[in-house]
Amino acid sequence: MRIRTAIVTGANRGIGQETARQLAAAGLRVIATARDPQAGAAAARAAGAEYARLDVSDEASRLAFRDWTRENAPQVDVLVNNAGIYPERDGNGLEADLEVIRSTLEVNTFGPLRLVQLLAPLLVTGAQVIHVSSGMGQLSDMGGASPAYRISKTALNAVTRILAAELAARGIAVNSVCPGWVRTDMGGASATRPVEKGAETIVWLALQGANGPSGGFFRDKQPIPW
């Protein structure tokens with residue numbers, strides 16, 4: 001029987017590394033990506049995964065990773081687009097720096113979209129594509145401040161809906177996940193959730209297979225409003 005393959009981006013720490021660890025513990029072959037080869041390889045070893053270099057915001061790196069995957073993992077069952085940034089200079093909408101918004105979109109939105117475009121030929125029937133989003137991108141609960149991050153995650157949710165519709169005919173599911181406020185370098189020490197809880201719904205969706213939901217936004221294994 002073929003061992004299922006999962007790719008997790010931004011897996012050198014936090015939710016990404018924990019997702020890679022849980023998927024490897026579930027018996028999947030996990031390819032954990034990160035920009036920094038030294039930190040990425042160490043994190044991958046600790047998670048029981050393989051390391052591959054990927055900068056999701058750089059087209060040359062994305063193409064090189066596509067080529068590497070073609071050679072080394074030509075059948076992909078799970079793609080977790082976890083890599084993301086929360087910019088330091090992300091104050092409020094009225095004073096937003098458009099360059100900060102553009103650079104945040106490049107990582108948080110365009111990176112996941114482009115990676116699905118490049119890897120789509122390798123996704124098998126029943127594959128799961130999971131975008132790690134945020135409640136801060138919910139239009140139903142949108143507030144002020146953090147415009148770059150909020151806009152990038154709202155746009156990522158739109159990408160989820162578009163790709164879910166377009167990949168449905170191939171039996172490929174695409175969903176967004178809000179992991180909640182998690183104690184990571186991004187979330188900070190005051191966050192209410194451990195990384196194990198942050199990764200839980202991502203891994204739950206990853207293991208759903210062909211009968212899982214698609215086109216949804218989830219937190220704690222339950223659908224939430226857009």
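For the structure itself, look to the data block above.
Residues numbered from 1 in each chain as written. Predicted model: local features only at pLDDT ≥ 70, side-chain atom pairs only at ≥ 80, totals over all residues. Heavy atoms only, no water.

(A) Representation of the overall build of the chain. In terms of regular secondary structure, the chain is built from 6 helices and 8 strands. Along the chain, helices and strands appear, N-terminal first, in the series β-α-β-α-β-α-β-α-β-α-β-α-β-β. Over its C-alpha trace the chain gives a radius of gyration of 16 Å, about what one expects of a compact globule, namely 17 Å for 226 residues. Each of the three principal axes of the chain carries a C-alpha extent, and together these read 55 × 40 × 35 Å. Per element, the accessible surface of the chain, about 10300 Å² overall, is 52% carbon and sulfur. (Helix = DSSP H or I, 4+ residues; strand = E, 2+ residues; numbered from the N terminus. Rg over C-alpha atoms; globule rule 2.2 N^0.38 Å. Areas by Shrake-Rupley, 256 points an atom, 1.4 Å probe, with all protein chains shown as cover.)

(B) Structural context of the packing of helix H3 (residues 59–72) against helix H4 (residues 98–119). Taken N-terminus to C-terminus, the directions of H3 and H4 make an angle of 35°; their axes are 10 Å apart at the nearest point. As H3 packs across H4, the resulting crossing turns out to be right-handed. Contacts from Glu59, Arg62, Leu63, Phe65, Arg66 and Thr69 in H3 reach Glu106, Gly111, Arg114, Leu115, Leu118 and Leu119 in H4. Grouping the amino acids of the contact of H3 with H4 by side-chain chemistry returns 5 nonpolar, 2 polar and 5 charged. (Axes fitted to C-alpha atoms, helices over the stretch in contact; angles between N-to-C directions. Left-handed = near helix turned anticlockwise from the far one by under 90°. Contact = heavy atoms within 4.5 Å. Nonpolar A, V, L, I, M, F, W, Y, C, P; charged D, E, K, R; others polar.)

(C) Region of interest: the side chain of glutamate 18. Along the chain, the position of glutamate 18 falls in helix H1 (residues 14–25). For glutamate 18, a relative accessible area of 8% translates into the label buried. Discounting residues that sit within four places of it in the chain, glutamate 18 has contacts with Val195, Glu196 and Ala199. (Buried < 20%, exposed > 50% of the residue type's maximum accessible area, 1.4 Å probe, protein only.)

(D) Fine view of the packing of aromatic side chains. Tallied over the entire structure, the rule returns 4 aromatic pairs. For the ring pair phenylalanine 65 and tryptophan 68, a centre distance of 6.1 Å and an interplane angle of 15° mean the geometry is stacked. On the criterion of helical spacing, the pair formed by phenylalanine 65 and tryptophan 68 is a turn pair, its members being 3 residues apart in helix H3. Of the residues examined, phenylalanine 65 reaches a relative accessible area of 2% and is grouped as buried. A relative accessible area of 28% means that tryptophan 68 is categorised as partly exposed. Measuring from centroid to centroid gives 4.6 Å for tyrosine 86 and tyrosine 149, while their planes differ by 40°, and the two rings are tilted. Within this pair, whereas tyrosine 86 is found in the loop between strand S4 (76–81) and H4, its partner tyrosine 149 is found in helix H5 (residues 147–167), the two being separated by 63 residues in sequence. (Phe/Tyr/Trp six-rings, centres within 6.5 Å; stacked < 30°, edge-to-face > 60°.)

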